[in-house]
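Examination of the molecular architecture
Spelled out from the first residue to the last, the chains are:
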Amino acid sequence: MAKDGSKPKSPKMAAAIAMEDPGTGYVTKENFFELKFEIAKSIKEAFDEKLDPINAKLNEITSDLKEASKKAEVAMELGETLQEELKLLQNRDQVLINKICNLEQRWRQQNLKFRGLDENVEGNTDLAIFMSSWLAKTLALDEVESSEVLA
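Since this is a predicted model, take the numbers as computed values, not measurements.

A closer look at a nonpolar patch on the surface
Taken together, the side chains of I39, I43, F47, L51 and I54 define a hydrophobic patch exposed on the protein surface, amounting to about 430 Å² of accessible area. On the secondary structure map, I39 appears in helix 2 (residues 29-110). I39 sits in the partly exposed class, given a relative accessible area of 30%.

Topic: the pattern of salt bridges
Following the criterion strictly, the structure yields three salt bridges and no others. Here D48 and K44 are joined by a salt bridge, their closest N and O atoms 2.7 Å apart. Of this pair, D48 and K44 are both found in helix 2, four residues apart, which corresponds to roughly one turn of the helix. By relative accessible area, D48 is classed as partly exposed at 30%. Put simply, K57 and E60 hold a salt bridge, and the shortest N to O gap is 3.9 Å.

Brief notes about the packing of aromatic side chains
Applying the stated criterion to the full structure yields one aromatic pair. On the basis of an interplanar angle of 65 degrees and a centroid distance of 5.9 Å, the ring pair of F32 and F33 is categorised as edge-to-face. Judged by relative accessible area, F32 falls into the partly exposed class, the value being 46%. Overall, the relative accessible area of 47% leaves F33 in the partly exposed class.

So, the confidence of the model for the chain
Regions with low pLDDT should not have their predicted coordinates read in detail. Model confidence for the chain is summarised by a mean pLDDT of 80, while 75% of its residues fall at 70 or above. Put simply, helix 4 (residues 143-150) is where the chain has its lowest mean pLDDT, 50, and helix 2 is where it has its highest, 93.

Quick notes on the rules
Numbers given to residues run from 1 along each chain, matching the order in which its sequence is written. A pLDDT threshold of at least 70 governs which residues receive local features in this predicted model, and a stricter bar of 80 or more applies before side-chain atom pairs are shown or counted, although totals over entire chains, interfaces and linings include all residues. Side-chain figures throughout are based on the complete set of non-hydrogen atoms in the structure, without hydrogens or water. Think of a patch as exposed residues, more than 30% relative accessible area, with no salt bridge, where like charges cluster within 9 Å and nonpolar side chains (Val, Leu, Ile, Met, Phe, Trp, Tyr) cluster within 5 Å. For the area figures, the Shrake-Rupley method with a 1.4 Å probe applies, and any residue is considered shielded solely by the protein chains shown. Take a side-chain nitrogen of Lys or Arg and a carboxyl oxygen of Asp or Glu: if they are within 4 Å of each other, that pair is a salt bridge. Counting from the N terminus, the helices are the DSSP runs of H or I reaching at least four residues and the strands are the DSSP runs of E reaching at least two. Only protein chains enter the accessibility calculation, which uses a 1.4 Å probe; a residue is then buried when its area is under 20% of its type maximum, exposed when over 50%, and partly exposed in between. A pair of Phe, Tyr and Trp rings is counted when the ring centres sit within 6.5 Å of each other, with Trp represented by its six-membered ring. The angle between the planes then sorts it: under 30 degrees is stacked, over 60 is edge-to-face, the rest tilted. Predictor confidence is given residue by residue as pLDDT, running from a minimum of 0 to a maximum of 100.

The following block contains the structure:
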């Protein structure tokens, strides 16, 4: 109890009153160090009590961050691999395009061009038959000679 007979308002105050020298009512040096130790201990316990949930949440966030970092690293490696594959495919695609262009140019070079002959003039007839008859007419060849050319 306090000197006035009332109950102390806090546990720390109760500890301080309990530490008083009963004879003098003052706190001695020994009692002061014990009181200081008790106060420090209670403050530490209070801080620990408040900090434990924060530390737990911090550990959880740290763990999540490490996991996200690992996933990001894997994604970066995959992205780099895909970029390399894309470059290879683009190079292969360009080679194939060049080959197609080359084949088209050769095909065009092998085509014969006839001037004065309209497009699709042959109709549904066989091209060889049409060309033999057209050449015979144009060059004034006999029909027999043109049939021999086909044989």
